[in-house]
Amino acid sequence: MGLMTQDKRPQLNVHQLPEADTALETEGLSLFYGDKQALFDITMRIPRHRVTALIGPSGCGKSTLLRCFNRMNDLVDTCRIDGNLRLNGESITGNSIDVAALRRRIGMVFQRPNPFPKSIYENVVYGLRLQGISERRMLDEAVERALRAAALWHEVKDRLRDNALKLSSGQQQRLVIARAIAIEPEVLLLDEPTSALDPISTLTIEELISELKQHYTVLLVTHNMQQAARVSDYTAFIHEGALIEYDNTDTLFTSPRQRRTEDYITGRYG
């Protein structure tokens, strides 16, 4: 992989984003854990085939917001959501939604690499097998395609039957990304995907993120503001469960509109 190349696509105004350019949308989104409110009336549109970063202090609600999009918060018994979320204009809230199907459309990669204790090959095809795909040719093609897309193919192509746990942490995280994209989702949610990695592995993942947006909408939670500035097209600043500011990344970091945003990115608090 080479150096990241500058994206030449036209810049979008996220405050007036057309529906055709919108992949994900929240409207008046509030989230509660029992009596405690964690998110407050968040309305935003996430552009298609761009990288959008969520930044803010620890515990501000950015990971909670991220997990709303693939209904991971459903796993918490006391969780309740008001408002609406949409994927490509379709509501993804409510009991009638097939959550398993939704999670095939919106893949997720967590903070620490979590490969299964299986071969590299079986890690990548895991989701495909769950879908009932068993034809060897189709699985082989999917493995190569996903590993190439995750910039891992040339490192592991001769040892696909090796246990994935033998890989380095950086390789494991790229394998997990390959596993997520093997089922060809529309959106990738990345929850601090480099926080457990060394600087060289972090750079590799950042370069990969910049390439993945050619095919996927990427929503990234990061505690690292420099990382957000490097890899994202748009950035949202979350504080105490509220969306404080959301704009083009360059604009937000150089000319923030809100004093709280400026205080955070200049290190006055957080």
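Residues numbered from 1 in each chain as written. Predicted model: local features only at pLDDT ≥ 70, side-chain atom pairs only at ≥ 80, totals over all residues. Heavy atoms only, no water.

Asks: Looking at this structure, I do not really get the sheet that holds strand β6 (residues 106-109). What am I missing?
Replies: Two strands in a sheet stick together by hydrogen bonds in their backbones, pointing the same way (parallel) or opposite ways (antiparallel). The strand order across the open sheet formed by 6 strands is β6-β7-β8-β3-β9-β10, and the pairing between neighbours is mixed. Among the strands making up the open sheet, the edge pair consists of β6 and β10 (242-248). Taking each pair of neighbouring strands and ignoring which way they run, the sheet shows an average axis angle of 15°. As judged from the 5 bridges shared by strand β7 (residues 187-191) and strand β8 (residues 217-221), these two strands associate in the parallel manner. Paired with Leu-190 across the bridge in β8 is Leu-220. Each of β3 (51-55), β7 and β8 touches helix α7 (residues 199-212); the most contacted strand, β8, lies at about 145° to it. (Pairing = 2+ DSSP bridges. Helix = DSSP H or I, 4+ residues; strand = E, 2+ residues; numbered from the N terminus. Axes fitted to C-alpha atoms, helices over the stretch in contact; angles between N-to-C directions. Contact = heavy atoms within 4.5 Å.)

Asks: How do you make sense of the state of the cysteines when you look at a structure like this?
Replies: Here, the word disulfide means a covalent bond between the sulfur atoms of two cysteines. Counted by the stated rule, this structure contains 0 disulfides. No disulfide involves Cys-68; its sulfur sits 6.7 Å from that of Cys-79, the nearest cysteine. (Disulfide = S-S within 2.5 Å.)

Asks: Sorry if this is basic, but what is going on with the confidence of the model for the protein chain here?
Replies: Summarising the model, the protein chain shows a mean pLDDT of 93, and 96% of its residues fall at 70 or more. Throughout residues 1-6 the model reports pLDDT below 50, and contacts reaching past four residues in sequence, or to other chains, amount to 11 contacts. (pLDDT = per-residue confidence, 0-100.)

Asks: Would you mind going over the pattern of salt bridges with me for this structure?
Replies: Pairing is possible between side chains of opposite charge, provided their charged atoms come close. Applying the stated criterion across every chain yields a total of 20 salt bridges. Put simply, Arg-137 and Glu-135 hold a salt bridge, and the shortest N to O gap is 3.3 Å. Overall, Glu-135 belongs to the partly exposed group, its relative accessible area being 39%. Residues joined in a network through salt bridges with shared partners are Glu-25, Glu-27, Arg-45 and Arg-86. (Salt bridge = Lys/Arg side-chain N within 4 Å of Asp/Glu carboxyl O. Buried < 20%, exposed > 50% of the residue type's maximum accessible area, 1.4 Å probe, protein only.)

Asks: Before we go on, may I ask you to explain the nonpolar core in this structure?
Replies: One recurring pattern in soluble globular proteins: nonpolar side chains tend to sit buried together. Among the nonpolar cores identified, the biggest contains 38 residues, and Ile-120, Val-124, Leu-147, Leu-160, Leu-175, Ile-209 and Leu-212 are the most heavily contacted of them. Residue assignment for this core shows that the elements contributing at least two residues are α3 (120-130), α4 (136-149), α5 (153-156), α6 (169-181), β7, α7 and β8. Examining the composition of this core, we find that 6 residues originate from one element, α6, more than from any other. Ignoring any residue separated from it by four or fewer positions in sequence, one finds Ile-209 in contact with Val-51, Leu-190, Pro-193, Val-218, Leu-220 and Val-231. Among the nonpolar cores identified, the runner-up in size contains 32 residues, and Phe-69, Met-108, Val-187 and Ile-238 belong to it. (Core = buried A, V, L, I, M, F, W, Y, C linked by side-chain atoms within 4.5 Å.)

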